[in-house]
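# Results of the structural survey
Chain residues, written in single-letter form:
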Amino acid sequence: MKFLKQLQMEGRFIFKNWFFLIAPFIYWAGMAFWLSNEKQGGIHYYSQYIVSFYRANNEFLAIGHTLSLGVIFLASVLAIRRDKQTVLMDWTNSLPNSFLSIILAKYLSLFLYSSIFTLFFYITFIWQGYTYGESFNNLMEHGLLLAIQSQLSYGVSIALGMVLAVLISNRIVYIIVFCAWMFGTFFMEGYIIQRYSLFFLKTFHLNQFFLDASYSSDWGSRLARKETIYSQLFVFFFSLFLLAITIIKSSTDRISSFEKRKWAFFGVVTILTLASFVPYGAFWFDRVNHYEQLKSSAVNHWDEDTGETLNTVGEFYDVDSYSLVMERQGNSKIAVHSTMKIPSTENEEVLPVHFTLYPTFEVESVIWNGVETAFVKEGHLITLPQIEGQEVNTLEVHYTGTLHEWGLVYGDEKYFAFLDKGDMYFPSYIGWYPLPGDYPVFTSMQGQMETYINTIQYNRPIELNQKLPLSDFEVTLKNFGQEVFSTGHESSIEADGSQFFNSQDAKGITLFSNTGLVESKENSPFPIIAHEKNIPILQQQLDDISEVEDYFNDWLGETIQYNMKLAYIPSLTIVGADNYFLNHFDEAVFFDDSVQTYVHLTDGNLMNNTMTDLKARLLSFMLFGHRIADFSYYSEDSVVDAVAQAYLLVLYKDFYGVDWEEFDQFNGTQFYYLSTVSHINWMSSSSEMTTLDKFEELIDSHHLQYNDLVVLMVAKEIEKGNMKEIKELLKDVYQEIKINNKKPFTYKEWMTNWNRTFESGGMR
C-alpha cells in the first residue's frame, strides 16, 4: 500500500509538468503528420525512391523516437534531483519507505509514462499502415515487435538517466545526460557503428531504430529477429544493472541492517547482466568469423597497381543437364545430391574437371562415371585429377552446408543468401549447385575504411549468364515447409510433399520464398511472382503485352522466342541487389516492389513513371534478353543499348501514338536515350521551327554521344514519314544482334546498316 502511494505521488509530479503532459501528444501528432505526408505528398522532385509504409515508419522512429528519449532522460533526472537537491522536498526523506521502494516507484512511474508514447505509436502505426493498404494482421504483429523494442529503449534510458542523476549531484548532470543522449543515438550510429562498421555495438545504441536501417517488414526484419532477441535480452538485464546501481548509491545515505543482502543482490544482478551478454556476443563472434571466412575466399575485382577491372569470370564447359535433390536438415542447413551430364569434346579422352561451389559448403563425395574419385577444394573451386571421359559423362557431387550469409557492402548490412524458417534466397550466381568452371563467388573492393565483398558487383551475374552453357534443370526440394518459387519454367508439388522445378535450355535457376508471395500465369504472356495485392495492378499495366508481341512479330518477321518471369518482390536491397536494370537473374526480371520513380514532365506536373520503366524493361528483355545489360556495360563503343531503345521508340510512336514531348516520361529510367527526343522544344533556338528542323538542330548543334545519335536518327526519319524503312532497318539489325548473336554492335556497324537502308546515307 505504501508503495502504491509512493507510485501515485511520483505520477502526480510527472503530470503536473505541462511539458511532460503534452509531449506524448506532440509525439503522436508528429508521427501522424510524418506518415500522412510521406503517403500523400512526400515526393516533390524527380528522383527514384523506395516508397514504403515501413520505410516511412522507420525514418520517423529514427528521429521521433530519439527525440522522445530526450524527454524521458529529462524526466528521469528530475525524478532523482527532486528529492536530492530540492529543499522543499526534504520531507520525502522522512517517509517510511525504503530506498528500494522509492527508486522502484520512480522507475515504474516513468516506465508507465513512457508507455503512453508506445501506445500512441502502436495505434498510429496500425491506423496509418491500414491507409497505406497494409495487411491488418501484419500490422498487428510487426507493430507489436516495434512496440516491445520501443519500450525496452525507454526502459534503459530511464535507468541510465536515473543512475547519472544519482552519481552526479551537481547541475552539470543535465549537460552530461544531454551528451549521453546524443552519444548513445546519433553519434554512435553515424560516427562509430556506420563509419567503422562496428555493427556488433548496435545493442548499445539507445534507440535501436537506425537512420540507415533496412526498411523491410519481411526478409529484413525476420532475418534480424534472432539478433534482436539476443540484444533485447541484454538490454533488459543491463537496465536492471543500472537500476541496481541507483538503488545501491541512494541507500548509502541511510544506515541499514541489510548491508550484506544489498551487495548480494547487486552481485546477482551483475552476474545476470554479464551472462545475458554471452548469447549476443557469441552470435556476433560466429557471424564475424564466418564473414572473414567469406572474405578470404574473395578475389580482387581491381588491379591495385593499374586500377583496371580484372576478369573474374572464367571459361565454362558444357553441361547437358542437372538433377538436383536438396533436403533441408535444419533451419539453415541443406544436403544436396547433384548429378551433372557432361558431354566430352571431340578427340578428348582425358579431362581435367573443375567446378565451383559456394565456398563454405562441405563436399562429402565426388563420383565420376560411377567411380568415387579424389578431389581438391580451394575456396570455391573443386578440382578433380586427370580422369578419363566417355561420350557423355556423369558427375555426382554430395555436399552439405548452411546458408545464412551476412555481410557488409559499403557500410550497409546485407544477406547474400539465406534459408531461415519460411524465408529463402538461393541465387544461381552464388553457386548453390555446381557451376561448370572457375567462378569466384565473391569479389573484393576497397572502401574508405575497409575491404568489402560482394556477389553481384559490376554486373558479374550478367557476364556469368552470357558465358554459362544452356542446360536442362530438374530440382527437387524435400522437407521445405514453405512454398518456394523459382526462375524455372515449370513447377509442381509431388505426392510426398516435395517441390519439383524444371527448366529446359536455361542458364541457371534461382530459388526464393517470402511470406505472401503468389505466382500467377493468368492474363499475362509470362508468369508473375508478387504479393497477391500487386498481381491485379501488374496485370492491368501489362494487359497489352500479347498485342505488343504480335506487333513486333508482324514486322520483325520472326516469332520472338523467350522464356521469362517477372519477380515483383520486396527486400531486394537486403540481398545486395540494386533497384535498377541489373536485376536480370537467369530467365527472370527482378524488381523491388517498393521502388517508385517520379519525374517532372514538360508541363510541370509530377508523374509516377515506375510502371513505364518496368514495362520497358520487360519488353527489352523479351526482345534481347541479357544482351542489353551485358553489352552496354562491357563495350565502350557499343550502341546496343540505344538500338534496343530504338525498337521501343518505334513501338511507342507507331503502336501507342505517343507524341514526341511525351517521351519525357522516360526521364529517370534506364531508357534515358528515349527521353532525348522530348528535348526538341526546350533545346531548340526558335519555337517557330518545324519538328523536323528541331531534330536536325538538336543533332547538328550539340556534341551528342553515339547512343543519343542513334535514337535521334530514328526519330528524325520517323518524323519524315519513313517508318517502313526504319522497320526494315531494325529488322536487319535484330537479325545480326539476336539471331546471329552479334557482339558487340558498334556505331560503325549501325551506320553500315543505316547507309544500306537509306541509299543517300540519311545521316553523317
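As a starting point, this report considers the structure included with it. Position labels on residues start from 1 in each chain and follow its written sequence. In view of the model being predicted, local features appear only for residues whose pLDDT reaches at least 70, and side-chain atom pairs are presented and counted only at 80 or more, with totals across whole chains, interfaces and linings using the full set of residues. With hydrogens and water set aside, each side-chain value is computed from the structure's full complement of heavy atoms.

For the rest of this paragraph, the subject is the overall build of the chain. Helix and strand assignments come from DSSP, with helices taken as H or I runs of at least 4 residues and strands as E runs of at least 2, each series counted from the N terminus. Counting its regular elements, the chain contains 20 helices and 29 strands. Taken over 764 residues, the chain has a buried fraction of 56%. Contact definition: two residues touch when any of their heavy atoms are within 4.5 Å. The long-range share in the chain, meaning contacts at least 24 apart out of those at least 6 apart in sequence, stands at 72%. To measure how exposed things are, a 1.4 Å probe is used in the Shrake-Rupley method; for residues, cover is taken only from the protein chains shown. Accessible surface, the chain: about 33600 Å² in total, of which carbon and sulfur atoms supply 56%. Think of it in three bands: residues with accessible area under 20% of the maximum for their type are buried, residues over 50% are exposed, and the middle band is partly exposed, with areas taken using a 1.4 Å probe on protein chains only.

To continue, consider the nonpolar core. If you look at the biggest cluster of nonpolar residues, it comprises 85 residues, and the most contacted ones within it are M326, L395, F426, W432, Y433, L511 and F512. Each residue touching L395, except ones within four places of it in the same chain, is listed here: S338, T339, M340, I342, V353, F355, V366, I367, W368 and L384. Here, nonpolar core refers to any group of buried Ala, Val, Leu, Ile, Met, Phe, Trp, Tyr and Cys residues whose side-chain atoms link them within 4.5 Å. L538, F591, M622 and V714 belong to the second-largest nonpolar core, a separate cluster that totals 74 residues.

Paired strands, in this sense, are two strands between which DSSP finds at least two bridges. Read from one edge of the open sheet, 3 strands run β6-β10-β9, paired in antiparallel fashion. At either end of the open sheet lies a strand with only one pairing partner, and these are β6 (354-356) and β9 (376-378). Taken pair by pair, the neighbouring strands of this sheet meet at an average axis angle of 20 degrees, ignoring direction. Summarising the sheet, β6 and strand β10 (residues 381-383) pair through 3 bridges and their orientation is antiparallel. Bridge pairing in β10 links F355 to I382. Lines fitted to C-alpha atoms define the axes, with helix axes restricted to the stretch in contact, and inter-axis angles between N-to-C directions lie between 0 and 180 degrees.

For the rest of this paragraph, the subject is the pairing of strand β25 (residues 565-569). With 5 of its 5 residues buried, β25 lies for the most part within the structure. In terms of strand pairing, strand β24 (residues 528-531) meets β25 through 3 bridges, oriented parallel. Counterpart to I529 in the pairing with β25 is A567. Alignment of β25 against strand β27 (residues 588-592), held across 5 bridges, turns out to be parallel. Paired with Y568 across the bridge in β27 is F591.

A word on helix α10 (residues 460-467). Burial analysis of α10 places 7 of its 8 residues in the buried class, the great majority of the element. Turning to α10, its buried residues number three or more, namely R460, P461, I462, E463, L464, N465 and Q466.

Turning to its location among the elements, T309 is positioned in the loop between β2 (299-300) and β3 (321-328). As for T309 and Y458, which are separated by 149 residues in sequence, their C-alpha atoms are 9.5 Å apart.

Between helix α1 (residues 2-15) and helix α4 (residues 99-131), the least distance of the axes is 9 Å, while the angle of their chain directions is 50 degrees. In terms of axis orientation, α1 runs oblique to α4. Of the two elements, α1 crosses α4, and the hand of that crossing is right-handed. Seen from α1, the contacting residues are F3, Q6, L7, E10, G11, I14 and F15; seen from α4, they are S101, I102, L104, A105, K106, L108, S109, L110, Y113 and I116. By the definition adopted for this analysis, an angle is roughly parallel if under 35 degrees, roughly antiparallel if over 145, roughly perpendicular if from 65 to 115, and oblique otherwise. Here is the rule for handedness: rotate from the far helix to the near one, and if that takes an anticlockwise turn smaller than a right angle the crossing is left-handed, while a clockwise turn gives right-handed.

By secondary structure assignment, the location of K507 is in the loop between β21 (499-506) and β22 (511-513). As for K507 and P469, which are separated by 38 residues in sequence, their C-alpha atoms are 6.2 Å apart. Ignoring any residue separated from it by four or fewer positions in sequence, one finds K507 in contact with Y433, N465, Q466, L468, P469, L470, F473 and E587. Among the polar contacts made by the side chain of K507, one reaches the main-chain carbonyl oxygen of N465 at a distance of 2.6 Å. Any pair of N or O atoms that falls within 3.5 Å is considered a polar contact. Within protein, one atom must be able to donate a hydrogen and the other to accept it, and sequence-neighbouring residues count only if both atoms are side-chain atoms.

With that out of the way, let us pick up a negative patch on the surface. Together, D318, D320, D472, E474 and D505 line one region of the surface with negative charge. Since its relative accessible area comes to 52%, D505 is described here as exposed. Patches in this entry comprise residues that are over 30% relatively accessible and not in a salt bridge; like charges within 9 Å are linked, as are nonpolar side chains (Val, Leu, Ile, Met, Phe, Trp, Tyr) within 5 Å. Throughout this description, the term salt bridge denotes a Lys or Arg side-chain nitrogen within 4 Å of a carboxyl oxygen of Asp or Glu. Residues counted as positive are Lys and Arg, residues counted as negative are Asp and Glu, and His and the chain ends are not counted. Think of each charge as sitting on NZ of Lys, CZ of Arg, CG of Asp or CD of Glu.

Our next topic: the sheet that holds β21. Read from one edge of the open sheet, 8 strands run β8-β7-β12-β4-β3-β18-β21-β20, paired in mixed fashion. Strand pairing shows two members of the sheet lacking a second neighbour, β8 (371-373) and β20 (490-493), which therefore form its edges. For this sheet, the mean inter-axis angle between neighbouring strands, taken without regard to orientation, is 20 degrees. Bridge count between β20 and β21: 4 bridges; the pairing is antiparallel. Among the inter-strand pairings, E490 is bridged to a residue of β21, identified as N502.

Only protein atoms enter the 1 Å grid, on which a cavity is a set of points fitting a 1.4 Å probe that cannot get out and a pocket is an open set with protein on both sides within 12 Å along at least 5 of 7 lines, lining residues being those with an atom within 4 Å of a point. Grid points are joined across faces, edges and corners, and a volume is the space filled by probe spheres set on the points. Counted according to the given criterion, the structure contains 5 cavities of 30 Å³ or more. The computed volume of the second largest cavity comes to approximately 80 Å³. Counting only elements with at least two residues in the lining of the second largest cavity, the list comes to α10 and β26 (584-585). The biggest single contributor to the lining of the second largest cavity is α10, with 3 residues. When residues are grouped by polarity, Ala, Val, Leu, Ile, Met, Phe, Trp, Tyr, Cys and Pro land in nonpolar, Asp, Glu, Lys and Arg in charged, and all others, Gly among them, in polar. Taken together, the residues of the lining of the second largest cavity break down into 5 nonpolar, 4 polar and 2 charged.

This brings us to the pattern of salt bridges. Applying the stated criterion across every chain, the model contains 17 salt bridges. Across the pair K533 and E134 runs a salt bridge whose closest N-O atoms are separated by 3.8 Å. With K533 in the loop between β24 and α11 (535-541) and E134 in the loop between α4 and α5 (136-167), the pair connects residues that are 399 residues apart, well separated along the chain. The residue K727 makes a salt bridge to D654 at a minimum N-O spacing of 2.8 Å. Separated by 73 residues along the polypeptide, K727 in helix α19 (residues 723-739) and D654 in helix α15 (residues 640-655) bring together distant segments of the chain. A single salt-bridge network, built from bridges that share partners, covers K202, E227, R287 and E413.

All right, on to unusual backbone geometry then. Backbone geometry places K421, a non-glycine residue, at a positive phi of 55 degrees. Residue placement: K421 occurs in the loop between β14 (412-420) and β15 (423-426). Residue classification places K421 among the exposed positions, given a relative accessible area of 60%. Not every positive phi belongs to a glycine, and N479 is a case in point at roughly 65 degrees.

Position of G576 relative to the elements: it lies in the loop between β25 and β26. On the basis of relative accessible area, G576 is assigned to the buried category, the value being 13%. Each C-alpha atom of the pair G576 and F416 lies 6.7 Å from the other, and the pair is 160 residues apart in sequence. If we skip the residues at most four places from it in the chain, G576 touches K414 and I456.

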